[in-house]
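Residue-level structural notes
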Amino acid sequence: MTSATASVSQLAARVREGRARLGGVRLVCVDGPAGSGKSTLAGRLAEVLDAPVVHLDDLYEGWAGLGKVWDRVEDQVLAPIAEGRPGRYQRYDWVAGRFDDWRDVPLADVLVLEGCGSAPLAVESRATLVLWVEAPADVRLRRGLERDGEALRDEWLRWMGLEAVHFAQERTRERADVVVDGTRPLEP
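The rules behind the values
Residues numbered from 1 in each chain as written. Predicted model: local features only at pLDDT ≥ 70, side-chain atom pairs only at ≥ 80, totals over all residues. Heavy atoms only, no water. Core = buried A, V, L, I, M, F, W, Y, C linked by side-chain atoms within 4.5 Å. Buried < 20%, exposed > 50% of the residue type's maximum accessible area, 1.4 Å probe, protein only. Helix = DSSP H or I, 4+ residues; strand = E, 2+ residues; numbered from the N terminus. Contact = heavy atoms within 4.5 Å. Pairing = 2+ DSSP bridges. Phe/Tyr/Trp six-rings, centres within 6.5 Å; stacked < 30°, edge-to-face > 60°.

Core analysis: the largest hydrophobic core is formed by 35 residues, its most contacted members being Leu27, Cys29, Val54, Val73, Leu78, Leu111 and Leu113. Among the elements of the structure, β2 (26–31), α3 (69–82), β6 (110–114), β7 (127–134), α4 (137–148) and α5 (153–170) are those that each provide at least two residues to this core. When residues in this core are grouped by element, the largest group, 6 residues, is from α3. If we ignore the near neighbours within four places in the chain, the residues touching Val73 are Leu56, Leu59, Leu78 and Leu113. Core analysis: the next-biggest nonpolar cluster, separate from the first, contains 20 residues, Leu49, Leu131, Val133 and Leu186 among them.

Written out as structure tokens, the structure reads:
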């Protein structure tokens, strides 16, 4: 594991140099606790790599979805791509409280998978690069409440407890290839 404030271009170079391990695709998993900066990093990295991003927020079944998301990721996204076919997943509508429209995931040289739980042990042999993004709990909670509203504080606190258990069981941080400080600006 490398603890770094690596630039986006350095991370992209590492992906390009890495071996495709999901069929012909280089899979990048951007994991870490909610509010740490994963989406920002994933977006910047995907832009540099010209890669699609799959956000686990679209696949969780709401606030209770962390423990149930991996089967959907595997069945709808990773298995088809490993077989050389595009992926396709059903997006969860958080407002309506149900799965809704379908989203296509094209075959590309690189796929960025972003979200809490995107790098479980089950994906270790297929990921080209696992990034762990972290920030202090108070910063993460503040970011989440600024985005989602104070009315969701209890949901955020419950989620933070669930993800802590998940990360401890999966040993996600210690298995990551690179640890990124989500409180520092990303260098190009």
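Take the pairing of strand β4 (residues 87–93) next. When you tally the buried positions in β4, you get 5 out of 7 residues, the bulk of the element. For β4 and strand β5 (residues 98–105), the ladder comprises 6 bridges, and the chain directions are antiparallel. Pairing of Arg88 across the sheet is with Asp104, part of β5. The hairpin turn running from β4 into β5, its antiparallel successor, is 4 residues long, and Gly97 in that turn takes a positive phi close to 75°.

Once that is clear, we can look at the packing of aromatic side chains. Summed over the entire model, instances satisfying the criterion amount to 7 aromatic pairs. For the ring pair Tyr60 and Trp159, a centre distance of 5.0 Å and an interplane angle of 70° mean the geometry is edge-to-face. Residue Tyr60 is found in the loop between β3 (53–55) and α3, and its partner Trp159 is found in helix α5; the two are separated by 99 residues along the sequence. Neither residue differs from the other here; Tyr60 and Trp159 are each classed as buried. Taking 5.8 Å as the distance between ring centres and 90° as the angle between the ring planes, the aromatic pair formed by Tyr92 and Trp94 counts as edge-to-face. Residue Tyr92 is classed as buried on the basis of its relative accessible area, which comes to 9%. Ring pairing ties together the aromatic residues Tyr60, Trp63, Tyr92, Trp94, Phe99, Trp156 and Trp159, which thus form one cluster.

By themselves, these figures tell us nothing about what the structure is for.
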